[in-house]
Amino acid sequence: MYKVAKFGGSSLANAEQWKKVKAIIDSDEDRHIVVVSAVGKSNPKDHKVTDLLYLIYQHHKYHIEADDLFKEVEEKYLSIKRELGLKVDIESDFAEIKERLEKNQISEEELVSRGEYFSAKMMADYLGFDFVDAKELINFDYEGQVVEEETIDCIERAVSVHDYFVVPGFYGSYPNYKICLFSRGGSDVTGSYMAKGAKADLYENFTDVPGFYMADPRILKSPRHISQISYDELRELSDMGACVLHEETVLPLLEEDIPILVLSTDHPELEGTWVKKQVTGRKHLVTGISGKKGFLALTFQKKRSVGKLDILLEVLSVFNQYHVPVEHLPTSIDTFSVVVEKSNIEEKYYDIIADLKKNPGILSINEDEDLALIAVVGSNLVHRIGASGEILSVFGKEGINIKFLDQGLEEYQILAGVSEKDFETSIQALYTRFAHEKITAEA
Ligand code: ASP
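Residues numbered from 1 in each chain as written. Predicted model: local features only at pLDDT ≥ 70, side-chain atom pairs only at ≥ 80, totals over all residues. Heavy atoms only, no water.

Draft legend 1. Expanded view of the site of the ligand. Ser37, Lys48, Thr50, Glu116, Phe170, Arg184, Gly185, Gly186 and Ser187 make up every residue found near the ligand. Note that a nitrogen atom of the ligand is positioned 2.7 Å from one of the side-chain N or O atoms of Thr50. Interatomic distance of 2.8 Å between a backbone N/O atom of Gly185 and an oxygen atom of the ligand. Its free accessible area being 260 Å², the ligand has 93% of it covered by the protein chains. Among the residues making up the shell around the ligand, the classes are represented as one nonpolar, five polar and three charged. (Near = heavy atom within 4 Å. Polar contact = N/O pair within 3.5 Å; in protein donor to acceptor, adjacent residues only side chain to side chain. Areas by Shrake-Rupley, 256 points an atom, 1.4 Å probe, with all protein chains shown as cover. Nonpolar A, V, L, I, M, F, W, Y, C, P; charged D, E, K, R; others polar.)

This is the structure:
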């Protein structure tokens, strides 16, 4: 067996957590590659190193002194180093980074990536593994997309040279060898590339929870644990707010069929969640219910004489031009809505609206900024005629108005848009109705 094990920031938050990581790695010699995040929060009031590094860069950009923040980051690593009695020299790395920052010689991406870099250097020392820099392995193009073939080649080479090694997550390099970051939470994706390149049998992702729950435990008390989830279900649930794994984690593995097992660092003995290409033997109708607040819908009324496709393409090109991802696009004959996340449009809102208003084919634009989306996901939904009706009736019974609805043709997810005030009630009611519902009565 060949395993890749990834540890998230909360698994590295202090020396106690590092000891748990070492115990996990030492207990199984199949764990050849370890991928680490930056040091995370050790209590709710604490700060994640990655957030601090972004903050330091912003201070620097606006010429605001950030020595204390820099010291806070440094001390997080040095205290772990002291407590674990590590030998690796990170002090000179810190001094060098500080100097380069003062001389404007370090990019934001490189500075932010140092959280993972320090974690990996120290973890390699602690475990007695080699350190291999992600800069040498994960290749991005200038658009920030991973160049898969080169990346896999580099990982294969590393695997042939190093028997056991630690890799920093979250970053790689542009063709000019400068640092490029994944989006936030991207160390999960690094782990997937490592698993693919190493042709691993298993990718273990250790985090602060033993896998996925049917709904968010912050909204519901003790929701049902999910023991298996498919790649597709994971994408849908993560996209809609289930933040256990980065939504792109499965992408490198789609053709490989390497399973991911999500486990808890605090309780590695607990059953985790298997994420697989194909899941078998599951009897529950609904796999998961997730959702997010903070959406905005812009509804366009078009002139009847204007072709629907033309106007849709014109409107979407404006969003594309401003790099605002469009989440959903409900349409009717003369109107259509564009649903976006508010956080993605905020700063560009007035420019986008001004550009859209220039389009002579648009009669009016209405805005609804009170929109939460809820996704009911399950590959078994397709096996039950009337499942969508049953889901919708839950909203009806609760007196909750559905603003828009979407069911993909693959029929494994139903998405409903509701007012933000109805968000928690909807999730609770859906969970109560479907937590234990099986596909068939006898199943
Ligand atoms: N440290 C980075 C973040 O906080 C990446 C990661 O942990 O996956 O987003």
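Further notes follow.
Draft legend 2. Inspection of the pattern of salt bridges at higher detail. A full pass over the atoms with the stated rule returns 33 salt bridges. Note that Glu390 and Arg433 form a salt bridge whose closest N and O atoms lie 3.0 Å from each other. In this pair, Glu390 is assigned in helix 12 (residues 387-397) and Arg433 in helix 13 (residues 423-434), connecting sequence segments 43 residues apart. What makes Glu390 buried here is its relative accessible area of 18%. (Salt bridge = Lys/Arg side-chain N within 4 Å of Asp/Glu carboxyl O. Helix = DSSP H or I, 4+ residues; strand = E, 2+ residues; numbered from the N terminus. Buried < 20%, exposed > 50% of the residue type's maximum accessible area, 1.4 Å probe, protein only.)

Draft legend 3. A look at the sheet that holds strand 12 (residues 335-341). With antiparallel pairing, the five strands of this open sheet are ordered in space as 12-11-13-15-14. Whereas interior strands pair on both sides, the edge strands pair on one side only; in this sheet they are strand 12 and strand 14 (404-407). Between one strand axis and the next, the sheet turns through 30 degrees on average, direction left out of account. Pairing of strand 13 (residues 362-377) with strand 15 (residues 413-418), which is carried by six bridges, proceeds in the antiparallel orientation. Bridging from a neighbouring strand, Val377 pairs with Gln413 of strand 15. Against the sheet, helix 8 (residues 231-239) touches strand 11 (288-302), strand 13 and strand 15, its axis set at about 70 degrees to strand 11. Sitting on the sheet, helix 12 is in contact with strand 13, strand 14 and strand 15, with an inclination near 20 degrees to strand 15. (Pairing = 2+ DSSP bridges. Axes fitted to C-alpha atoms, helices over the stretch in contact; angles between N-to-C directions. Contact = heavy atoms within 4.5 Å.)

Draft legend 4. Region of the structure containing the sheet that holds strand 1 (residues 3-7). Across the sheet, eight strands lie side by side as 3-4-2-1-7-9-10-8; this open sheet has mixed pairing. Lying at the two open borders of the sheet, with one neighbouring strand each, are strand 3 (130-131) and strand 8 (228-230). Pairing of strand 1 with strand 7 (residues 202-207) involves five bridges; the strand directions are parallel. The residue bridging Lys3 from the neighbouring strand is Leu202, located in strand 7.

Draft legend 5. Highlighting helix 7 (residues 187-197). Counting buried positions along helix 7 gives eleven out of eleven residues, so the element sits mostly inside the fold. Restricting attention to buried positions, one finds in helix 7 the residues Ser187, Asp188, Val189, Thr190, Gly191, Ser192, Tyr193, Met194, Ala195, Lys196 and Gly197. One or two residues past the end of helix 7 sits Lys199, with phi positive at roughly 50 degrees.

Draft legend 6. Main features of the pairing of strand 9 (residues 260-264). With five of its five residues buried, strand 9 lies for the most part within the structure. Residue alternation in strand 9 divides its side chains into two sets, Ile260, Val262 and Ser264 and Leu261 and Leu263, and both sets are buried. One ladder, built from five bridges, connects strand 7 with strand 9; its direction is parallel. Residue pairing for strand 9: Phe206 is matched across the bridge by Leu263.

Draft legend 7. Highlighting the packing of helix 4 (residues 91-102) against helix 5 (residues 108-127). One can describe the packing of helix 4 onto helix 5 by two numbers: an axis separation of 12 Å at closest approach and a directional angle of 175 degrees. When the interaxial angle is binned, helix 4 and helix 5 end up roughly antiparallel. Residues Asp93, Phe94, Ile97, Arg100 and Leu101 of helix 4 form the contact with helix 5, whose participating residues are Glu110, Leu111, Arg114, Tyr117, Phe118 and Lys121. Classifying every residue of the contact of helix 4 with helix 5 by side-chain character gives six nonpolar, no polar and five charged. (Parallel < 35°, antiparallel > 145°, perpendicular 65-115°, else oblique.)

Draft legend 8. Main features of unusual backbone geometry. Here His63, not a glycine, exhibits a phi torsion of approximately 55 degrees, which is positive. Position of His63 relative to the elements: it lies in the loop between helix 2 (49-61) and helix 3 (67-84). Judged by relative accessible area, which is 75%, His63 ranks as exposed. For Lys199, which is not glycine, the phi dihedral falls at a positive 50 degrees.

Draft legend 9. Local environment of the packing of helix 6 (residues 148-161) against helix 7. Direction vectors running N to C along helix 6 and helix 7 enclose 65 degrees, while the axes themselves pass 8 Å from each other. With respect to helix 7, the element helix 6 is oriented roughly perpendicular. When you trace helix 6 past helix 7, the crossing you get is right-handed. Residues Glu148, Thr151, Ile152, Ile155 and Glu156 of helix 6 pack against Tyr193, Met194, Lys196 and Gly197 of helix 7. Class assignment of the residues belonging to the contact of helix 6 with helix 7 gives a composition of four nonpolar, two polar and three charged. (Left-handed = near helix turned anticlockwise from the far one by under 90°.)

Draft legend 10. Quick look at the packing of aromatic side chains. Going through the model one piece at a time under the given rule, you end up with 14 aromatic pairs. Residues Phe300 and Phe336 carry aromatic rings whose centres are separated by 5.2 Å and whose planes lie at 15 degrees to one another, so their mutual orientation is stacked. Of the two residues, Phe300 is situated in strand 11 and Phe336 in strand 12; the sequence distance between them amounts to 36 residues. Per residue, the accessibility class of Phe300 equals that of Phe336, and both read buried. Ring pairing ties together the aromatic residues Phe70, Tyr77, Phe94, Tyr117, Phe118 and Phe131, which thus form one cluster. One residue, Lys22, lies across the ring of Tyr126, its end atom 5.5 Å from the ring centre. Stacked on the ring of Tyr171, the Lys or Arg Arg114 has its end atom at 5.4 Å from the ring centre. (Phe/Tyr/Trp six-rings, centres within 6.5 Å; stacked < 30°, edge-to-face > 60°. Lys NZ or Arg CZ within 6 Å of the ring centre and 35° of its normal.)

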